[in-house]
Amino acid sequence: MERFNADFFNSLETKHKISIAIKNIHLLFEKNLNNKIAEENITVSQSMTMFFLKTHTSDEINPIDLERQFGLSRPTITGILKRLEAKGFICFCESKKDRRYKQIKLTQNGFKCLERVDGTLTDMGETLCSGFSEEEIEAVYEYLLRMAQNLNSKGILRKERLGD
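Residues numbered from 1 in each chain as written. Predicted model: local features only at pLDDT ≥ 70, side-chain atom pairs only at ≥ 80, totals over all residues. Heavy atoms only, no water.

Asker: Break down the overall build of the protein for me, with residues and values.
Answerer: When helices and strands are counted, the protein shows 7 helices and 2 strands. Each helix and strand of the protein, placed in order from N terminus to C terminus, yields the pattern α-α-α-α-α-β-β-α-α. Taken along its principal axes, the extent of the C-alpha atoms in the protein is 55 × 40 × 35 Å. Per-residue burial for the protein yields a buried fraction of 26% across its 164 residues. Long-range pairs, those at least 24 residues apart, make up 51% of the contacts in the protein between residues at least 6 apart in sequence. Here the protein displays about 11,800 Å² of accessible surface, and carbon together with sulfur accounts for 52% of that area. Separation of charge centres in the protein, based on 25 positive and 24 negative side chains, amounts to 8 Å. (Helix = DSSP H or I, 4+ residues; strand = E, 2+ residues; numbered from the N terminus. Buried < 20%, exposed > 50% of the residue type's maximum accessible area, 1.4 Å probe, protein only. Contact = heavy atoms within 4.5 Å. Areas by Shrake-Rupley, 256 points an atom, 1.4 Å probe, with all protein chains shown as cover. Lys, Arg positive; Asp, Glu negative; His and termini not counted. Charge placed at Lys NZ, Arg CZ, Asp CG, Glu CD.)

This is how it looks when you write it as structure tokens:
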């Protein structure tokens, strides 16, 4: 049996096709990006966590902030952080605001790794959007945000993850 049955896919309503297409794009993007950044010894989830830390260097970020941002469970975030710490990409410091929390910071090695990964992420974005005009790219982004807001209005998606 074939992995992909075109007749089945073509028989679906367009709304169902969109759901399947979004899932497939996500899987392909993540698989390709994981393959490309494997030489850096990190995964997409780890790199996204590091990019979030990089863009919030002036904030005190703790594991709970990451759970909320990415909509992931505490054990998942803990695992990501333990692996990043073992690789020397992050460190934990005592919070100045609340001693019960550990602040997470990128190390110099973490910043260097992100510099190398950033080009790969840019290339993947270029590949994903090739053949689209700037107006079409903006329109797709706006459509995706509206879809995320639709899910949020049904309580399916946390507001923090909308990308605004």
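Asker: Describe the environment of Glu136, listing the residues and the values that go with them.
Answerer: Relative to the helices and strands, Glu136 resides in helix 7 (residues 134-153). Here Ser133 takes part through its backbone nitrogen, which lies 2.8 Å from a polar atom of the side chain of Glu136. (Polar contact = N/O pair within 3.5 Å; in protein donor to acceptor, adjacent residues only side chain to side chain.)

Asker: Quick one: what's the story with the pattern of salt bridges, residue by residue and with numbers?
Answerer: Scanning the model with the defined rule gives 3 salt bridges in all. Of the charged contacts, one joins Arg116 and Glu40 as a salt bridge, the two residues approaching to 2.8 Å between their closest N and O atoms. Of this pair, Arg116 sits in helix 6 (residues 108-129) while Glu40 is found in the loop between helix 2 (14-37) and helix 3 (44-55), placing the two residues 76 residues apart along the sequence. Take Arg116: its relative accessible area is 45%, and that puts it in the partly exposed class. A salt bridge links Glu67 to Arg74; the nearest nitrogen and oxygen atoms lie 3.0 Å apart. Residue classification places Glu67 among the buried residues on the basis of a relative accessible area of 12%. Judged by its relative accessible area of 49%, Arg74 is partly exposed. (Salt bridge = Lys/Arg side-chain N within 4 Å of Asp/Glu carboxyl O.)

Asker: Before we move on, could you go through helix 5 (residues 74-86) and cite the residues and values that matter?
Answerer: Helix length check: helix 5 (13 residues) gives 18 Å between terminal C-alpha atoms against 18 Å at 1.5 Å per residue, within 8%. On the buried face of helix 5, the contacting elements are helix 3, helix 4 (63-70), strand 1 (90-94) and strand 2 (102-106). Just past helix 5, the residue Gly88 takes up positive phi, approximately 80°. (Expected span 1.5 Å × (residues − 1).)

Asker: Describe the environment of Arg100, listing the residues and the values that go with them.
Answerer: Within the secondary structure, Arg100 sits in the loop between strand 1 and strand 2. The exposure class assigned to Arg100 is exposed, which follows from its relative accessible area of 69%. Each C-alpha atom of the pair Arg100 and Thr120 lies 37 Å from the other, and the pair is 20 residues apart in sequence.

Asker: Describe the environment of Met124, listing the residues and the values that go with them.
Answerer: In this fold, Met124 is placed in helix 6. Sequence separation of Met124 and Ala139 is 15 residues, and the distance between their C-alpha atoms is 19 Å. Residues contacting Met124, with those up to four places away along its chain left out, are Phe29, Asn32, Leu33 and Lys36.

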